[in-house]
Amino acid sequence: MSADLKKLPKVDDALKNQLEGFTPEKLKRATTAEKTALPTKEELAAEKQHEELLHNIEGFPCNKLKRTSTSERIVLPTSEDVEKEKQELQHLKAVEGFNAANLKHAQTQEKVVLPNQEDIETERTHQNLIKGVTGFDKSTMRHAETQEKVALPAKEDIQTEKTHQSIFQGVQGFDKTNMRHTETQEKVALPAKEDIETERRHLKLVAGVEKFDKSTMRPTETSEKCSLPTPTDIETERTHQSLFQGLEKFDKLSMKSTDTVEKIVLPTTEDIKTEKEQQALRAGIEGFDASVLKKTETQEKNPLPTKEEIEQEKKA
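Keep in mind that what you see is a predicted model, and the values were worked out from it rather than measured.

Caption draft 1: Spatial organisation of the overall build of the protein chain. A count of helical and extended segments in the protein chain gives 10 helices and 0 strands. Its helices and strands taken in sequence order, the protein chain reads α-α-α-α-α-α-α-α-α-α from the N to the C terminus. For the protein chain, whose C-alpha radius of gyration is 50 Å, the value lies well above the compact-globule estimate of 20 Å for 316 residues. For the C-alpha atoms alone, the extent of the protein chain along its principal axes is close to 125 × 105 × 80 Å. For the protein chain, the proportion of its 316 residues judged to be buried stands at 0%. In the structure as shown, the protein chain presents an accessible area of about 35700 Å², 54% of it carried by carbon and sulfur atoms. One finds the centroid of the 51 positive side-chain charges in the protein chain at a distance of 5 Å from the centroid of its 60 negative side-chain charges.

Structure follows, in structure tokens:
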């Protein structure tokens, strides 16, 4: 314990004297002033501009609009479209100017494909089935009566139907004169300061992308690098292959039969002693009499400021 006290940092004597002679009476009384953050000039201007915009949109007279005519612009084909068109025209000219006299005479030979054994067997089965259906004797059939079974609804279905009918009757017989007149108020949620800042950054980014000068870019060439295996990787691969070959060629007959012996590890004296201490502790906690405890009062102590905090307070 004395060795631990020696390791603790020592307090300066001057600071110790100041802390011991400190009294709360020397402190000066200060009043805390709550400051409300008012909106900035930019936020007020943006708010006014937004309100003016909404007011102008709502009160805009449609009579001032002028009729305009839509002008259609003809988009000229690109070089790729022109090249495709030329190739198609060349193909058409080649097909139209083809000389049929260059073709050689050929004789068409018709080959009769005979059915295999599976097709013959399938056809025979199909023919037998058709003969059996057409030659069937209806007099051998017995008369049968069809019984229609009506499935009665369950208790839950009946309750659901009753609830549905009561709701439907309540809607049909509802008296609209009991309803009160209400006015709908539309509230326009103005954007927050963070949303305005985000929108401003987005517009700057879009403007920068649109005005970007592609002539400042330099051409680059992509070079593909094939990483060769290191000597460590080669050695690892060889070891893996040799191990795999050894497993494939392993002779199971060379293995000897063994018997598994299960050993029960008994606890040591330290484990037994620890278990006894824990059991005694549990028994003491469970059988503890709370009436033996005495009532105490907790005193809160205000820690005095350190030398560094006093220096910072003076500088502030």
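Picking up where we left off.
Caption draft 2: Highlighting the pattern of salt bridges. For the coordinates displayed, the defined rule picks out 4 salt bridges. Residue Glu121 is joined to Arg124 by a salt bridge in which the shortest nitrogen-to-oxygen separation is 3.9 Å. Here Arg124 and Glu121 lie together in helix α5 (residues 117-134), a separation of 3 residues that amounts to about one turn. For Glu121, a relative accessible area of 44% gives the class partly exposed. Ionic pairing is found between Glu197 and Arg200, a salt bridge with its closest N-O pair at 3.7 Å. You can see Glu197 and its partner Arg200 sitting in helix α7 (residues 193-210), 3 residues apart, about one turn around the helix. When its relative accessible area of 32% is taken as the criterion, Glu197 is described as partly exposed. Overlapping salt bridges, with partners in common, bring together Glu197, Arg200 and Arg201 in one network.

Caption draft 3: Focus on a negative patch on the surface. A cluster of acidic residues, Glu80, Asp81, Glu85 and Glu88, forms a negative patch on the protein surface. Position of Asp81 relative to the elements: it lies in helix α4 (residues 79-96). A relative accessible area of 40% means that Asp81 is categorised as partly exposed.

Caption draft 4: Summary view of the environment of Gln165. Along the chain, Gln165 falls in helix α6 (residues 155-172). Its relative accessible area of 41% is what places Gln165 among the partly exposed residues. The spacing of Gln165 and His240 is 75 residues in sequence and 78 Å in space, taken between C-alpha atoms.

Caption draft 5: Broad picture of a nonpolar patch on the surface. Among the surface-exposed residues, Phe22, Leu27 and Leu304 lie close enough to one another that they form a single nonpolar patch of about 270 Å² accessible area. Mapped onto the secondary structure, Leu304 falls in the loop between α9 (269-286) and α10 (307-315).

Scoring rules and cut-offs
Residues numbered from 1 in each chain as written. Predicted model: local features only at pLDDT ≥ 70, side-chain atom pairs only at ≥ 80, totals over all residues. Heavy atoms only, no water. Helix = DSSP H or I, 4+ residues; strand = E, 2+ residues; numbered from the N terminus. Rg over C-alpha atoms; globule rule 2.2 N^0.38 Å. Buried < 20%, exposed > 50% of the residue type's maximum accessible area, 1.4 Å probe, protein only. Areas by Shrake-Rupley, 256 points an atom, 1.4 Å probe, with all protein chains shown as cover. Lys, Arg positive; Asp, Glu negative; His and termini not counted. Charge placed at Lys NZ, Arg CZ, Asp CG, Glu CD. Salt bridge = Lys/Arg side-chain N within 4 Å of Asp/Glu carboxyl O. Patch = residues over 30% accessible without salt bridge, like charges linked within 9 Å, V, L, I, M, F, W, Y side chains within 5 Å.

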